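Geometric and topological summary
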Amino acid sequence: MAAQLFASRCTLLGSASRSSSLCGALLSQRFAYSSSRVIEVLNDAQFGKELSDHPGLVVVDFTAKWCGPCKVVAPKYDAMSLDFPAVKFLKVDIDNEDTEQTVSEARIKAVPTFQLFKSSASVSTIQGADMDSLKTKIVNHSK
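These numbers were taken from a predicted model, which means no experiment stands behind them.

Each neighbour pair has its own omega, and for Val111 with Pro112 the value is -5°, a cis peptide bond. Here Pro112 lies in the loop between helix H5 (100-105) and strand S4 (113-118). Its identity is not glycine, yet Ser119 carries a phi of approximately 50°, on the positive side. Considering the arrangement of structural elements, one finds Ser119 in the loop between S4 and strand S5 (121-127). Its relative accessible area of 64% is what places Ser119 among the exposed residues. Positive phi, close to 65°, is recorded for Ser120, a residue that is not glycine. Here Ser120 lies in the loop between S4 and S5.

Structure representation (structure tokens):
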């Protein structure tokens with residue numbers, strides 16, 4: 001519904017508008033996010049359940065709304081979730097009070113931090129916005 005309203009608003013701007021290319025870019029970005037397989041973790045109990053319910057690899061993005069590099073990697077992380085259908089992708093906001101225990105136990109010192117889990121145990125950590133390293137680790141740990 002929101003995407004349709006946004007599309008209507010962009011259409012009203014017209015093709016002669018300087019903003020029309022911006023609308024197209026934003027609209028395509030909006031639709032790209034809607035096809036993401038990333039699960040937003042809302043509380044500590046959900047985090048534990050998400051880890052224990054998946055027999056394979058789980059990748060967790062520890063992020064924050066105020067973090068510039070986190071915003072840059074977010075669409076790449078979303079796209080990566082589509083590239084690896086056998087892997088579960090989670091996102092944890094470090095400023096959410098309901099995930100405080102999860103963040104503390106993960107020993108998050110900087111964002112973004114990516115952690116890979118197998119059988120609920122951490123097998124690898126990447127601190128920083130290094131998406132190439134993340135992809136390599138996903139491939140290596142998916143075997």
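That covers the picture; the talk isn't over yet.
Moving on, we come to the sheet that holds strand S2 (residues 57-63). If you trace the five strands from one edge of the open sheet to the other, you get S1-S3-S2-S4-S5, paired in mixed fashion. Every interior strand has two partners, whereas the edge strands, strand S1 (38-41) and S5, have only one. For this sheet, the mean angle separating the axes of adjacent strands, direction not counted, is 25°. Of the pairings in the sheet, the one linking S2 to strand S3 (residues 88-93) comprises six bridges and is parallel in character. Each bridged residue has a counterpart across the sheet, and for Asp61 the counterpart in S3 is Lys91.

In this section: the side chain of Ser36. Mapped onto the elements of the fold, Ser36 is located in the loop between helix H2 (20-34) and S1. Among the polar contacts made by the side chain of Ser36, one reaches the main-chain amide nitrogen of Val38 at a distance of 3.0 Å. Within the structure, the side chain of Ser36 is placed 3.1 Å from the side chain of Asp78, a separation counted as a polar contact. Those residues within four positions of Ser36 in sequence are excluded, and the remaining contacts are Asp78, Ser81 and Leu82.

Attention shifts here to the state of the cysteines. All chains considered together, the criterion is met by one disulfide. The partner cysteine of Cys67 in its disulfide is Cys70, sulfur to sulfur 2.4 Å. Because the sign of the S-S torsion sets the handedness, a value of about 80° for the bond joining Cys67 and Cys70 places this disulfide among the right-handed ones. For the residue pair Cys67 and Cys70, the accessibility class agrees, reading buried in each case.

How each quantity is defined
Residues numbered from 1 in each chain as written. Predicted model: local features only at pLDDT ≥ 70, side-chain atom pairs only at ≥ 80, totals over all residues. Heavy atoms only, no water. Helix = DSSP H or I, 4+ residues; strand = E, 2+ residues; numbered from the N terminus. Buried < 20%, exposed > 50% of the residue type's maximum accessible area, 1.4 Å probe, protein only. Pairing = 2+ DSSP bridges. Axes fitted to C-alpha atoms, helices over the stretch in contact; angles between N-to-C directions. Polar contact = N/O pair within 3.5 Å; in protein donor to acceptor, adjacent residues only side chain to side chain. Contact = heavy atoms within 4.5 Å. Disulfide = S-S within 2.5 Å.

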